[in-house]
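Residue-level structure breakdown
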Amino acid sequence: MIVNLDVTLRDGGYRNNFDFPLDYALDHARESVAAGMEWVEIGYRNGSFKPKPGLGRTGVGADDYIRAVAEVVSPDRLCMILHPKNITEDDLERMYEAGIRLVRFCLPSGTPEPGLAMLAKAADLGFTTTVNITRVSQLARRRLVELAAMSGDAGADVVYLADSNGSMLPSEVSQLVNLVGSVTDAAIGLHAHNNLGLALANAIAAVDAGATWIDSSVLGMGKGPGNLVTEQWLAYLGRRTDSDTYDLGRILGLAHRMESEIAEAKPSLPLPDLVLGHFDLSVEERAKLPVDRIGDAFSAARELTAAGAR
């Protein structure tokens, strides 16, 4: 069984400063769940990796926002993601009380222990938990194995491989899923970005290799060129299984509303983001590229990659 998680309101927030109108956020969560998505991620708790002032509601994840969503969607479908350095144990307790039931930890590869200790506390509170190992394309395989094993030992229900740079190939995804599956009994998930247009192929490869949790976003709305496109993924699953587990028509209706009401949601593959994916560079490196001159940006990205290899 595939567990599908809608990340639109969180990852899509990178395009509009997490400033989704409340009525849209509520309707999005309700429609996503009504269409059969097992979980809907409604935002960050206390900001992304580098919190900044002025973030909208899906970047802050305040208690009153959680409660508002929990009034229209069962808490058993609501999740939130966080960076351990941005929260306290009190945050976990308040999130659970307000209505979150799945909490996702972005795990720093250098110092994972504090985050894993907090994950264990979240499990004790009753949360379903995931560890999201970010930028796996740049992570040494030995370290990935260590982090996956540590996460399972800490009680993570799911270990997610996040292709944050959107640079991975299907064969590489398959290898990593098999590798992580050899060291942990936790379920394995994939969070795919679409810099090279391979998010759908990578999700298929992940599932074929044994992954059972897949992130996607409506219209692919997400950081950079976006994520695995929910409506494409559900259409594929419908063809693959010949079932109507998911209401594709309902998701298509939601996609149409998003495209009409949320200007930043329109699908896009900016050429600089394709360059970043080609060279396996993070979105933060975009600022170092002369993006208005794509040929020069390609050369600059090549130089950044060469410098990093030295």
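The notes below deal with the structure included here. Quick caveat: nothing in here was measured; it's all calculated off a predicted structure.

For the rest of this paragraph, the subject is the overall build of the chain. Scanning the chain for helices and strands turns up 14 helices and 8 strands. Relative to the compact-globule value of 19 Å for 310 residues, the chain shows a C-alpha radius of gyration of 18 Å, a close match. Along the three orthogonal principal directions, the C-alpha set of the chain runs to about 50 × 45 × 45 Å. The long-range share in the chain, meaning contacts at least 24 apart out of those at least 6 apart in sequence, stands at 73%. On the chain, the mean spot of the 29 positive side-chain charges and the mean spot of the 41 negative ones are 5 Å from each other.

A few words on the packing of aromatic side chains. To describe a pair of aromatic rings, you give the distance between the ring centres and the angle between the ring planes. For the coordinates displayed, the defined rule picks out 7 aromatic pairs. Each ring, one from Phe18 and one from Tyr44, has its centre 5.9 Å from the other, and the planes form 75 degrees; the classification is edge-to-face. A residue pair is termed long-range when its members are at least 10 positions apart, and Phe18 in the loop between helix H2 (13-16) and helix H3 (22-34) and Tyr44 in strand E2 (residues 39-44) qualify at 26 residues. The ring of Tyr96 carries Arg101 above its face, with NZ or CZ at 3.8 Å from the centroid.

Counting buried positions along strand E5 (residues 128-133) yields 5 of 6 residues, so the element is predominantly enclosed. Bridge analysis of strand E4 (residues 102-107) against E5 gives 6 bridges, and the strand direction is parallel. Bridging across to E5, Leu107 finds its partner in Ile133. Running through helix H7 (residues 113-125), the crossover from E4 to the neighbouring parallel element E5 is right-handed. In this structure, E5 lies alongside strand E6 (residues 158-163), joined through 4 bridges in parallel fashion.

In this section: the sheet that holds strand E8 (residues 213-216). An order of E1-E2-E3-E4-E5-E6-E7-E8 is seen for the 8 strands of this closed barrel, with the pairing classed as parallel. If you compare each strand with its neighbour and ignore which way they point, the axes differ by 25 degrees on average. Packing of helix H8 (residues 141-154) onto the sheet brings it into contact with E4, E5 and E6, and relative to E5 it is tilted by some 170 degrees.

What counts, and at which threshold
- Residues numbered from 1 in each chain as written.
- Predicted model: local features only at pLDDT ≥ 70, side-chain atom pairs only at ≥ 80, totals over all residues.
- Heavy atoms only, no water.
- Helix = DSSP H or I, 4+ residues; strand = E, 2+ residues; numbered from the N terminus.
- Rg over C-alpha atoms; globule rule 2.2 N^0.38 Å.
- Contact = heavy atoms within 4.5 Å.
- Lys, Arg positive; Asp, Glu negative; His and termini not counted.
- Charge placed at Lys NZ, Arg CZ, Asp CG, Glu CD.
- Phe/Tyr/Trp six-rings, centres within 6.5 Å; stacked < 30°, edge-to-face > 60°.
- Lys NZ or Arg CZ within 6 Å of the ring centre and 35° of its normal.
- Buried < 20%, exposed > 50% of the residue type's maximum accessible area, 1.4 Å probe, protein only.
- Pairing = 2+ DSSP bridges.
- Right-handed = clockwise from strand over helix to strand, strands pointing away.
- Axes fitted to C-alpha atoms, helices over the stretch in contact; angles between N-to-C directions.

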